[in-house]
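Observations on the model geometry
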Amino acid sequence: MNHSHCAAAPRPSACPGLLRIVAARDGGICRIKLPGGSLSVGQARAIAAAAEACASGVLEATNRANLQLRGVRQGVESELIERLLDAGLGAASTGGDDVRNLMLSPAAGHDTQALLDTRPLAAQLLARLEGEPRWHALSPKFAIQLDGGERLGMLEHPHDLWLAAMPAGDGPRYAFGLAGCPPLHADEVPALASVPAQQALQLVLAVLELFLAAAAPEQTRMRHLLQTLPAPAILERLRERCPQLDLRSDGELAAWRRAPAEPRQRFGVQAQREAGLCQVGAQAVLGRLSAGQLRGLAALAEHRGDASLRLTPWQGVLLPNIASADAPSVLHGLESLGLLSDRAAPLARLIACTGSHGCARALADTKGDALRLAGLLPLDTEASAIHLSGCPRSCAAAHIASFTLLATGPARYQLLARVPGASGFGRVLAEHLTIEQAAARLASPTFCPESTP
């Protein structure tokens, strides 16, 4: 089938997309941006077949709930793109593929704690972003979060614009902010303002329009614009440009803090708001899936669920709308496919980038070293996340993990601990560690970052 997408070349960028396959050490990378992380079983099977026919068969779940194919072979790029477009995995237009950076909770619409179902708003917003050329000037990295207040929510990934559901006396509203995350603690910067839930779409488009009008060509992200136009000034311009918006900045908003999320609910069986139904989740080992595993997930979702999968920003998968009676067999099915359902497993708390086998920038085989590290750490349901990064770019984690092992050479790492409120990987605890030395420090019952020289 011919597609209009293929008639026009996608704009230059170092960021992979469905239409823009970027070269890496292990072959091309093709990233499929999934609407709200959602994938039908038919699409999952199409991706698995394409990965085997045109690439290495290796898939990666990303930290923004997308999927990417690794090892795309030279000469078959057009065939791969055609296969994916035929499966309905493309945007409404060529320029629309880059701007679909919209994150929802993988439990949107089903989470028992949610104040608002963000899916209808997400569908409206994606249709506008994909279909209207004026938004295609946004950077491929410009990202928006719609948070309905779910228990299962990723609240640590900074977004150029975030909206979070909040209760109010006259009905639910969306608090919003720029270049950051919803505030969780009293000492964090409050939300910029709030709007009624029914004005959320209008608000997002107004913010994007203002950004494109005010930002210089080199200011591709909201954090860049804030350096020359502070957030209060942006809010004032919004009020001037959109007097119809009920932008509220009052004491209620200043006091509002987003309820803590429970990201560990991505593992195992969790009840949904619909009686008799549940969602079952597991994590891909170090974010990697084979084509065979994706087919197995599709079969589980088709036979036991609603024929859909939801990717998670923790590089895992959630199967929604499972009958409660079927949950044990679905969980067993996930485990049989080699996915992690036990949050105590060391691999369940490890994040690793592609590493030197697939990336020329990486100084170490982070995937292999992570597997070695997992074998040296104890089971622990309360242990903190550990991020292995082959270089300072931090491709595998959009947030700062509690501990980072930053490669300084083959199988050698710097150990760092997150510092609240600070940027970067945090404070250096040790230098030039082997994996065995790092494991000994991290697994020690007396290990305390605050007292480590």
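Parameters at a glance
- Residues numbered from 1 in each chain as written.
- Predicted model: local features only at pLDDT ≥ 70, side-chain atom pairs only at ≥ 80, totals over all residues.
- Heavy atoms only, no water.
- Helix = DSSP H or I, 4+ residues; strand = E, 2+ residues; numbered from the N terminus.
- Rg over C-alpha atoms; globule rule 2.2 N^0.38 Å.
- Buried < 20%, exposed > 50% of the residue type's maximum accessible area, 1.4 Å probe, protein only.
- Contact = heavy atoms within 4.5 Å.
- Areas by Shrake-Rupley, 256 points an atom, 1.4 Å probe, with all protein chains shown as cover.
- Phe/Tyr/Trp six-rings, centres within 6.5 Å; stacked < 30°, edge-to-face > 60°.
- Pairing = 2+ DSSP bridges.
- Core = buried A, V, L, I, M, F, W, Y, C linked by side-chain atoms within 4.5 Å.
- Domains from an automatic or database assignment.
- Axes fitted to C-alpha atoms, helices over the stretch in contact; angles between N-to-C directions.
- UniProt positions renumbered as here; feature names shortened; annotations may be inferred.
- Buried area = accessible area lost by both parts, 1.4 Å probe.
- Salt bridge = Lys/Arg side-chain N within 4 Å of Asp/Glu carboxyl O.
- Polar contact = N/O pair within 3.5 Å; in protein donor to acceptor, adjacent residues only side chain to side chain.

Another aspect to go through is the overall build of the protein chain. Counting its regular elements, the protein chain contains eleven helices and 20 strands. Relative to its length of 453 residues, the protein chain is compact, with a C-alpha radius of gyration of 22 Å against a globular reference of 22 Å. Looking at the protein chain as a whole, 55% of its 453 residues are labelled buried. Contacts in the protein chain between residues at least 24 apart in sequence constitute 65% of all its contacts with a sequence separation of at least 6. Put simply, the protein chain shows about 18,200 Å² of open surface, and 55% of that area lies on carbon and sulfur atoms.

Enumeration over the complete set of coordinates arrives at one aromatic pair. Pairing Phe 142 with Phe 211 gives two aromatic rings, centres 4.9 Å apart and planes at 55 degrees, and the pair type is tilted. Highlighted residues: Phe 142 in the loop between α3 (119-131) and β7 (144-147) and Phe 211 in helix α4 (residues 200-214), separated in sequence by 69 residues. Residue Phe 142 is classed as buried on the basis of its relative accessible area of 3%.

A few words on the pairing of strand β10 (residues 193-196). Here β10 shows two buried faces, one formed by Ala 193 and Val 195 and the other by Ser 194 and Pro 196. Pairing of strand β9 (residues 173-180) with β10, which is carried by four bridges, proceeds in the antiparallel orientation. Of the residues in β10, the one forming a bridge with Phe 176 is Ala 193.

Turning next to the nonpolar core. Ile 47 and Leu 319 are the most contacted members of the largest nonpolar core, which totals 47 residues. For this core, the two domains that each supply at least three residues are domain 1 (22-98) and domain 3 (280-342). Not counting chain neighbours up to four residues away, the residues in contact with Leu 319 comprise Cys 278, Gln 279, Val 280, Leu 297, Leu 300, Ala 301, Leu 309, Val 330 and Leu 334. Counting 44 residues, the second-largest nonpolar core is a separate cluster that includes Leu 163, Leu 201, Met 222 and Leu 229.

Here the focus is the side chain of Thr 404. For Thr 404, the position within the fold is in strand β18 (residues 403-409). When its relative accessible area of 0% is taken as the criterion, Thr 404 is described as buried.

For the rest of this paragraph, the subject is the sheet that holds β9. The strand order β6-β7-β8-β9-β10 describes an open sheet built from five strands, whose pairing is mixed. Each of the sheet's edge strands pairs with one partner strand only, and the pair in question is β6 (102-103) and β10. As paired strands, β7 and strand β8 (residues 159-166) are joined by four bridges and run parallel to one another. Bridging from a neighbouring strand, Leu 146 pairs with Leu 163 of β8. On the sheet, α4 packs against β7, β8, β9 and β10 and is oriented at approximately 160 degrees with respect to β8.

Let us look at the UniProt feature "domain: Nitrite/sulphite reductase 4Fe-4S" (unreviewed entry) in the protein chain. UniProt tags residues 96-242 as "domain: Nitrite/sulphite reductase 4Fe-4S" (unreviewed entry). What you have in residues 96-242 is 30% helix and 18% strand, and the ends, taken at the C-alpha atoms, are 25 Å apart.

Looking now at the domain arrangement of the protein chain. Think of interface size as the accessible area that goes away when the parts come together; that is how it is often given. The domain boundaries assigned to the protein chain delineate domain 1 (22-98), domain 2 (115-148 + 155-255), domain 3 (280-342) and domain 4 (348-443). For domain 1 versus domain 3, the distance between C-alpha centres works out to 19 Å. Between domain 1 and domain 3, the residue contacts involve 23 residues of the former and 20 residues of the latter. A combined buried area of about 1,800 Å² lies between domain 1 and domain 3, and 58% of that area is made up of carbon and sulfur atoms. When the area that domain 1 buries against domain 3 is broken down by residue, the three leading residues are Val 41, Arg 45 and Ala 61, summing to 31%. One can count three salt bridges joining domain 1 with domain 3. A salt bridge links Arg 288 to Glu 60; its shortest N-O distance comes to 2.9 Å. At the boundary of domain 1 with domain 3, the tally comes to ten residue pairs in polar contact (both at pLDDT 80 or more). Where the side of domain 1 that touches domain 3 is concerned, the elements lending two or more residues are β3 (38-40), α1 (41-54), β4 (58-61) and β5 (67-72).

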